[in-house]
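Topology and contacts: notes
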Amino acid sequence: MFQINGEKESKSKKKAAKSDSDDSEEETKSTKSKKKSTAGSASMFQTSADKDKDKKTKKKAKAEESDDSESEKEEKSKKKKGKGKKKKERSPSPEIEFDNLEKFVMQPAPQGVTVKCRVTRDQRGMDKSLYPLYYLHLDNDKKTFLLAGRKRKKSTTSNYLISIDATDLSRGGENFVGKLRSNLMGTKFTVFDNALNPERALPDMSNARQELAGIIYETNVLGMKGPRRMTVVIPGMDKDNDRVPLRPRSDCDGLLIRHQNRRMENLIELHNKTPVWNEETASHVLNFNGRVTQASIKNFQIVHSKDLDYIVMQFGRIADDIFTLDYNYPMCAVQAFAIALSSFDGKIACE
């Protein structure tokens, strides 16, 4: 799904799926559709140069998947049903283990796994009412800490620092992993990693910072009411499912300018899913599958235009200062957290 020009592959996959035996078709229909979306998601985000190589790999994977026994599939579906009954409010994040936190938060989510997190906002105290602290934890029993973020003071534009240490949110600290920077209007944002500014980098740009995402909020100059509209631009993935590095020499060659000029090579364009108007509640609604419980203008889901059912990321309120944030491949924790931080920023032109 995330491979550039990856439409052909998804068609070939559908044909391959049809060639499976008719007897097992009904019993494995839901399992197959899930596997299709997972496999499709990988191709949608890949660059076109790696398309053909990836096709062969997927065909082999298909053959292996069709050998799964029916009893295993039934067992899996029973387990899923059981889990749903136990946790009616919110399903927890699957078990995720990592040795290196900095590496984990920069890596794309594993394919087929939704990383479920919780964002908490700390506004206590005089200073924090203007510059709240934001924390990202895995939404499980352990509440594993992942990231912290805070808006920098004395910045011309909105500027958020992202750290892997909740007690160290300084630009020069060892735990600084990225930052989010807005334009003057507060309608466009860029997410960077923790490497050097291009002006101070080596001539070959090997140690220059990467741009991880661009976020664009549609301006609402007429004051028309309705749900927010946002576009997210992220680097594409290569055949090894690694992010294609984007190290622009200046802002004129960054993600936002490339998107504006429709220079979309190695880039993926995502949008927020359009909410549906509900007559009973007289409001716009989205299906968050129980992960979001309160209405808010900040609630959103990010999808690719080629598969609106594959949720790359979703974010929404469950209490005054608590939000859920779930992300899937090819997004990483830093990208998802930065996108969430951008939604907290005050955008006069967008409201």
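Quick caveat, the model's predicted, so the values are computed rather than measured. (Residues numbered from 1 in each chain as written. Predicted model: local features only at pLDDT ≥ 70, side-chain atom pairs only at ≥ 80, totals over all residues. Heavy atoms only, no water.)

1. Quick look at the packing of aromatic side chains
Overall, the coordinates contain eight aromatic pairs when judged by the stated rule. Measuring from ring centre to ring centre gives 5.6 Å for phenylalanine 300 and phenylalanine 315, while their planes differ by 35 degrees; the resulting arrangement is tilted. Note that phenylalanine 300 is positioned in strand β12 (residues 300–304) and phenylalanine 315 in strand β13 (residues 307–319), a separation of 15 residues in sequence. Exposure class is identical for phenylalanine 300 and phenylalanine 315. Each is buried. Following the ring pairs from residue to residue traces out a cluster consisting of Tyr134, Phe300, Phe315, Phe323 and Phe344. If you follow arginine 209 out to its NZ or CZ, it ends over the ring of phenylalanine 192, 4.1 Å from the centre. (Phe/Tyr/Trp six-rings, centres within 6.5 Å; stacked < 30°, edge-to-face > 60°. Helix = DSSP H or I, 4+ residues; strand = E, 2+ residues; numbered from the N terminus. Buried < 20%, exposed > 50% of the residue type's maximum accessible area, 1.4 Å probe, protein only. Lys NZ or Arg CZ within 6 Å of the ring centre and 35° of its normal.)

2. So, the pattern of salt bridges
A complete count under the given rule lists eleven salt bridges for this structure. The partner of arginine 291 in a salt bridge is aspartate 139, with the nearest N and O atoms 2.9 Å apart. Residue arginine 291 is located in the loop between β11 (283–285) and β12, and its partner aspartate 139 is located in the loop between β2 (133–138) and β3 (145–151); the two are separated by 152 residues in the primary sequence. Given the relative accessible area of 5%, aspartate 139 is considered buried. One salt bridge connects arginine 181 with aspartate 251, and the closest N-O pair in it is separated by 3.3 Å. In this pair, arginine 181 sits in strand β5 (residues 176–182) while aspartate 251 sits in the loop between β8 (230–235) and α7 (255–260), placing the two residues 70 residues apart along the sequence. Under the relative-accessibility criterion, arginine 181 is labelled partly exposed at 22%. (Salt bridge = Lys/Arg side-chain N within 4 Å of Asp/Glu carboxyl O.)

3. So, the pairing of strand β7 (residues 211–217)
Taking burial as the measure, the seven residues of β7 include seven buried ones, the bulk of the element. Across five bridges, the pairing between strand β6 (residues 188–193) and β7 is antiparallel. Among the inter-strand pairings, phenylalanine 192 is bridged to a residue of β7, identified as glutamate 211. When β7 meets β8, the two strands line up antiparallel, connected through four bridges. Residue glycine 214 lies in a different strand from β8, and its bridge partner there is valine 233. (Pairing = 2+ DSSP bridges.)

4. Some remarks on the sheet that holds strand β1 (residues 115–122)
Strand order in this closed barrel of twelve strands is β1-β2-β3-β4-β5-β6-β7-β8-β9-β12-β13-β14, and the pairing throughout is antiparallel. Across the sheet, the mean angle separating the axes of adjacent strands is 20 degrees when strand polarity is ignored. (Axes fitted to C-alpha atoms, helices over the stretch in contact; angles between N-to-C directions.)

5. Some words on unusual backbone geometry
Each neighbour pair has its own omega, and for tyrosine 329 with proline 330 the value is 10 degrees, a cis peptide bond. On the secondary structure map, proline 330 appears in the loop between β14 (322–327) and α8 (333–344). Even without a glycine there, the phi angle at lysine 143 is positive, about 50 degrees. Mapped onto the elements, lysine 143 comes out in the loop between β2 and β3. One non-glycine residue with positive phi stands out, namely methionine 205, at about 65 degrees. Looking at the secondary structure, you find methionine 205 in the loop between β6 and β7.

6. Digging into the nonpolar core
Judged by nonpolar contacts, the single largest core of 55 residues is most densely connected at Phe45, Val105, Leu147, Met313, Leu325 and Tyr327. A per-element tally of this core places α8 first, with nine residues. Residue contacts for valine 105: discarding those within four places in its chain leaves Leu146, Leu147, Ile164, Cys332, Ala333 and Val334. (Core = buried A, V, L, I, M, F, W, Y, C linked by side-chain atoms within 4.5 Å. Contact = heavy atoms within 4.5 Å.)

7. Some remarks on the environment of asparagine 183
The topology assignment puts asparagine 183 in the loop between β5 and β6. On the basis of relative accessibility, which here comes to 26%, the residue asparagine 183 falls in the partly exposed class. Note: C-alpha distance between asparagine 183 and asparagine 159 (24 residues apart in sequence) is 9.5 Å. Setting aside residues no more than four positions away along its own chain, asparagine 183 makes contact with Thr157 and Lys188. At 2.9 Å, the side chain of asparagine 183 forms a polar contact with the backbone nitrogen of threonine 187. (Polar contact = N/O pair within 3.5 Å; in protein donor to acceptor, adjacent residues only side chain to side chain.)

8. Considerations on the side chain of arginine 258
Residue placement: arginine 258 occurs in helix α7. Overall, arginine 258 belongs to the buried group, its relative accessible area being 16%. A distance of 3.0 Å separates a polar side-chain atom of arginine 258 from the backbone oxygen of aspartate 253. With near-sequence residues (within four places) excluded, arginine 258 lies in contact with Leu246, Asp253, Arg263 and Leu267.

9. Considering the confidence of the model for the chain
Taken residue by residue, the chain gives an average pLDDT of 79. The fraction at 70 or more is 71%. Residue range residues 6–19 is modelled with pLDDT below 50. Its contacts to residues more than four positions away, or to other chains, number 19 contacts. Every residue in residues 23–30 is under pLDDT 50, and counting partners more than four places away or in other chains gives four contacts. (pLDDT = per-residue confidence, 0-100.)

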